[in-house]
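# Architecture and fold: a report
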Amino acid sequence: MSQVPLPGASTALTMGIIGVITPFVCCGPFAIIFGIIGLTNAKNAEKLYRNNPEAYSGYENAKTGKTLSYISIGLSALLLLFTILYFGAIIAFFSTDGFGGHWD
């Protein structure tokens, strides 16, 4: 019996890789989108594989894509938190007249 490639496994892997690279190259919030897409594809692929494991090959791609998708969501959340804190500090700095010291 020949095995067919697991549908969605390669897409999950691709989205996971793009999601990990995106925060460092472009903007962080897009990695959440790629991570969620990769995660849903990996979960659908795992469901298909568990229903009929002998019919499909490439389950490793789905597992790796799921892991990379979780990493990309975590990286994106950290970068989003850092961006909020960074711009919050800048706004606080300018709204309180710098360091608040008077240089007379």
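In the block above lies the structure referred to throughout.
So, here is what we can say about the structure in this document. Since this is a predicted model, take the numbers as computed values, not measurements. Residue numbers here run from 1 along each chain, matching the order of that chain's written sequence. Thresholds applied to this predicted model are a pLDDT of at least 70 for local features of residues and 80 or more for the giving and counting of side-chain atom pairs; totals over whole chains, interfaces and linings are not thresholded and use all residues. Hydrogens and waters are ignored; side-chain quantities use all the structure's heavy atoms.

Further remarks concern helix 3 (residues 59-95). Each helix corresponds to a stretch of at least 4 residues labelled H or I by DSSP, and each strand to a stretch of at least 2 residues labelled E; elements are numbered beginning at the N terminus. Under the convention used throughout, the expected extent of a helix is 1.5 Å for every residue step, that is, one less than its residue count. Between its terminal C-alpha atoms helix 3 stretches 54 Å, which fits the 54 Å expected from 37 residues at 1.5 Å a residue. Type-normalised accessible area, obtained with a 1.4 Å probe on protein chains alone, sets the label of each residue: buried when under 20%, exposed when over 50%, and partly exposed for intermediate values. Three or more residues of helix 3 are buried, namely Tyr 59, Ala 62, Gly 65, Ser 69, Ser 72 and Ser 76. Contacts: residue pairs with any heavy atoms within 4.5 Å of one another. Among the structural elements, helix 1 (9-25), helix 2 (29-51) and strand 2 (56-57) are those in contact with the buried residues of helix 3. One or two steps after helix 3, the chain reaches Asp 97, where phi turns positive at roughly 60°.

Time to look at helix 2. For helix 2, spanning 23 residues, the distance from its first C-alpha to its last is 34 Å, which sits close to the expected 33 Å at 1.5 Å a residue. Every buried residue belonging to helix 2 is among Ala 31, Gly 35, Gly 38, Leu 39, Asn 41, Ala 42, Ala 45 and Glu 46, and all of these are buried. Residues of helix 2 that are buried make contact with helix 1 and helix 3.

Next up on the list: the environment of Leu 48. In this fold, Leu 48 is placed in helix 2. You can call Leu 48 partly exposed: its relative accessible area is 33%. For the pair Leu 48 and Phe 87, spaced 39 residues apart in the sequence, the C-alpha separation amounts to 44 Å. Once residues within four sequence positions are removed from consideration, Leu 48 is found in contact with Leu 6, Pro 7 and Tyr 56.

Right, let's get into the side chain of Ser 76. Residue position: Ser 76 is located in helix 3. Using a relative accessible area of 1% as the deciding quantity, one classes Ser 76 as buried. Not counting chain neighbours up to four residues away, the residues in contact with Ser 76 comprise Gly 28, Pro 29, Ala 31 and Ile 32.

For the rest of this paragraph, the subject is the pattern of salt bridges. A pair is scored as a salt bridge if a Lys or Arg side-chain nitrogen falls within 4 Å of a carboxyl oxygen belonging to Asp or Glu. Counted by the stated rule, this structure contains one salt bridge. The shortest N-O distance in the salt bridge between Lys 66 and Glu 46 comes to 3.4 Å. Pair noted here: Lys 66 is in helix 3 and Glu 46 is in helix 2, with a separation of 20 residues, a long-range link.

Once that is clear, we can look at the packing of helix 1 against helix 3. Throughout, an axis means a line fitted to C-alpha atoms (over the contacting stretch in the case of helices), and angles, computed between N-to-C directions, take values from 0 to 180 degrees. Two elements in contact, helix 1 and helix 3, have axes separated by 7 Å at closest approach and are oriented at 25°. Between helix 1 and helix 3, the angle falls in the class roughly parallel. Helix 1 and helix 3 meet at a crossing whose hand is left-handed. In contact with Ala 9, Ala 12, Leu 13, Gly 16, Ile 17, Gly 19, Val 20, Pro 23 and Phe 24 of helix 1, helix 3 contributes Asn 61, Ala 62, Thr 64, Gly 65, Leu 68, Ser 69, Ile 71, Ser 72, Leu 75 and Leu 79. For classification, angles of less than 35 degrees are called roughly parallel, those exceeding 145 degrees roughly antiparallel, those between 65 and 115 degrees roughly perpendicular, and all remaining angles oblique. A clockwise turn of the near helix away from the far one marks a right-handed crossing, whereas an anticlockwise turn of less than a right angle marks a left-handed crossing.

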